[in-house]
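Breakdown of the fold
So you can see what is in the structure, the chains are spelled out below.
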Amino acid sequence: MADEAKAKGNAAFSSGDFSSAVTHFTEAINLAPTNHVLYSNRSAAHASLHNYQEALSDAKKTVELKPDWAKGYSRLGAAHLGLNNHDEAVEAYSKGLEIDPSNEALKSGLADASRSRAAPPNPFGDAFKGPEMWAKLTADPSTRGFLKQPDFVNMMQEIQRNPSSLNLYLKDQRVMQSLGVLLNVQFRTQAGDEAEAAGENEEDEMVVNEPVVERKREPEPEPEVVSEEREKKERKEKALKEKEMGNAAYKKKDFETAIKHYSAAMEIDDEDISFITNRAAVHLEMGKYDECIKDCDKAVERGRELRSDYKMVAKALTRKGTALGKMAKVSKDYEPVIETYQKALTEHRNPDTLKRLNEAERAKKELEQQEYFDPAIGDEEREKGNQFFKEQKYPDAVRHYTEAIKRNPKDPRAYSNRAACYTKLGAMPEGLKDAEKCIELDPTFSKGYSRKGAVQFFMKEYDNAMETYQEGLKHDPNNQELLDGVRRCVQQINKANRGDLTPEELKERQAKGMQDPEIQNILTDPVMRQVLSDLQENPAAAQKHMQNPMIMNKIQKLISSGIVQMK
């Protein structure tokens, strides 16, 4: 249940629905309160909602539960940084790097915290804190319209996250207007200052105004574009054209031409790592996995230097993982694949990357099972288990049967024998599971049916046990163990039909019967409710009902479970 809630939280987080993510992670925590990963995930969701105090509380709990987990300190540092606790953020990231010195997320976080600590605090930072800021801007007519402009909203959100960034936006008149509203101060415009100064110089006496010849204002020269910026813009446009030609060649499967264009784009503009990841994709298609991995590593390194979008860095890591996965089919080494996908997920939790990680982990497990497969050793372990079973040392027998199953998962005998051990130990659910697996592997193996029937008999599910024994007799009609099982079930069922159960037995059987979904469906069926009513009040109608085999079978089911008693 906790895993299911966690998966829902991860999916909501990946889609940007952070509020739902918090809800699902909270549900998972209630089911598994000692799981440090759940607190870590909820901390990230709170931080994405800018609820840094809640994020800090969860991050502290993560570190408390798992002090040697580097990612917990990354969450702690991010929460402190969101609360502008720069010293505490630096300390948290530093502790994390002591545990994992090569962790890129911790290195990046430490650099951000160090820069924020060195930057002078903005005196107007408090004006932008909390939801009160949005309420004031909405209430004031002069700023209400700004909230419909996405670029303005983004600027205000950035200032909320990092008040020191206010200085970057003061040239924007909308920000100045908003600052005035938040501080309850009216900032004058340049035209207003001139008007006030003119008013102060006027005298009280009447003055005859001389006609003034109005000069025509000469148009102000437009600012020239700096040559360096113009060159940079032209360079980027040229690089993008090369990329587009590379994309067109890639779609046509003209890989050599695509590599040529992507390489040209990289030479023209080295500040866009998408050119590198695209070339890596071509190498991947061509089966040049080493070249693909080199390009992905280069994209990650350059992306860190440029502080590129974390999604682009994650994309490069995922592509590298895919190349490593192709190589692992030959090398049989899935550890680097899994590690790379895990790093990609720390950058951006993409569902596709998560799916690839699960596939790599499954492939690794299957490979380990194949390498461990040895039927000869499996038979030896099963014989050892048989010896311990004869000596009534059932836990030891279970251990050897389990090893036999690992060595040969397709041998129904090991499952059958372990089911017998579990039955002796009173572990009925485990015994039932092994017996069903035994039947699944070999539907003609009579021992599987006798094991399953025995478990059901001990669980006092006599009708189910009867069905199991009868199913086994279809494959082995003369099997004495199955015939004896049928006889025992008939005795117990007849005992219930005659009403020979003690009050305690009847109460126990009724309680177990009410938990059976089939019994529940019978009792909620309107037709059967009428039949039960006729059995008590209308004998003639009841006799007619009894002629229906389906109804009779359901009545028998209720009698066997002790719900209905015939006198």
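Quick look at the structure, then. Since the model is a prediction, treat every value here as computed from it, not as a measurement.

**Thoughts on the nonpolar core**
- Judged by nonpolar contacts, the single largest core of 17 residues is most densely connected at Cys292, Ala323, Tyr334, Val337, Tyr341, Leu357 and Ala360.
- Going through the elements one at a time, α16 (274-286), α17 (289-306), α18 (310-331), α19 (335-347) and α20 (351-372) are the ones with two or more residues in this core.
- If we ignore the near neighbours within four places in the chain, the residues touching Val337 are Gly321, Leu324, Gly325, Ala328 and Ala360.

**Considering the environment of Leu240**
- Tracing the backbone through its elements, the reader meets Leu240 in helix α14 (residues 227-251).
- Owing to a relative accessible area of 40%, Leu240 belongs among the partly exposed residues under this scheme.
- Note: C-alpha distance between Leu240 and His261 (21 residues apart in sequence) is 9.9 Å.

**A word on the side chain of Asn103**
- Here Asn103 shows up in the loop between α6 (86-99) and α7 (104-118).
- Here Asn103 falls in the buried class, since its relative accessible area comes to 18%.
- Polar contacts involving the side chain of Asn103 include one to the main-chain amide nitrogen of Leu106, which spans 3.0 Å.
- Setting aside residues up to four positions removed in sequence, Asn103 forms contacts with Ala70 and Leu97.

**Looking at the packing of aromatic side chains**
- Counting across every chain of the model gives six aromatic pairs.
- A centroid spacing of 6.4 Å and a plane angle of 80° characterise the contact between Phe457 and Phe458, whose relative ring orientation is edge-to-face.
- You can call Phe457 buried: its relative accessible area is 16%.
- Look at Phe458 and you get exposed, because its relative accessible area is 54%.
- Here the aromatic residues Phe457, Phe458 and Tyr462 are joined through ring pairs into a cluster of three or more.
- Positioned over the ring face of Tyr372 is Arg407, at 3.7 Å from the centre of the ring.

**Considerations on the pattern of salt bridges**
- Enumeration according to the criterion identifies 36 salt bridges in this entry.
- The partner of Lys364 in a salt bridge is Glu335, and the shortest N-O contact between them spans 2.2 Å. Note that Lys364 is positioned in helix α20 and Glu335 in helix α19, a separation of 29 residues in sequence.
- In this structure Lys364 comes out as partly exposed when scored by relative accessible area, which is 24%.
- Arg418 is the salt-bridge partner of Asp434, the closest N and O atoms lying 2.6 Å from each other. Pair noted here: Asp434 is in helix α24 (residues 428-441) and Arg418 is in helix α23 (residues 412-425), with a separation of 16 residues, a long-range link. Per residue, the accessibility class of Asp434 equals that of Arg418, and both read buried.
- Ionic contacts of the salt-bridge type, sharing partners, join the residues Asp379, Arg382, Glu383, Asp411 and Arg413 into one network.

What counts as what
Residues numbered from 1 in each chain as written. Predicted model: local features only at pLDDT ≥ 70, side-chain atom pairs only at ≥ 80, totals over all residues. Heavy atoms only, no water. Core = buried A, V, L, I, M, F, W, Y, C linked by side-chain atoms within 4.5 Å. Buried < 20%, exposed > 50% of the residue type's maximum accessible area, 1.4 Å probe, protein only. Helix = DSSP H or I, 4+ residues; strand = E, 2+ residues; numbered from the N terminus. Contact = heavy atoms within 4.5 Å. Polar contact = N/O pair within 3.5 Å; in protein donor to acceptor, adjacent residues only side chain to side chain. Phe/Tyr/Trp six-rings, centres within 6.5 Å; stacked < 30°, edge-to-face > 60°. Lys NZ or Arg CZ within 6 Å of the ring centre and 35° of its normal. Salt bridge = Lys/Arg side-chain N within 4 Å of Asp/Glu carboxyl O.

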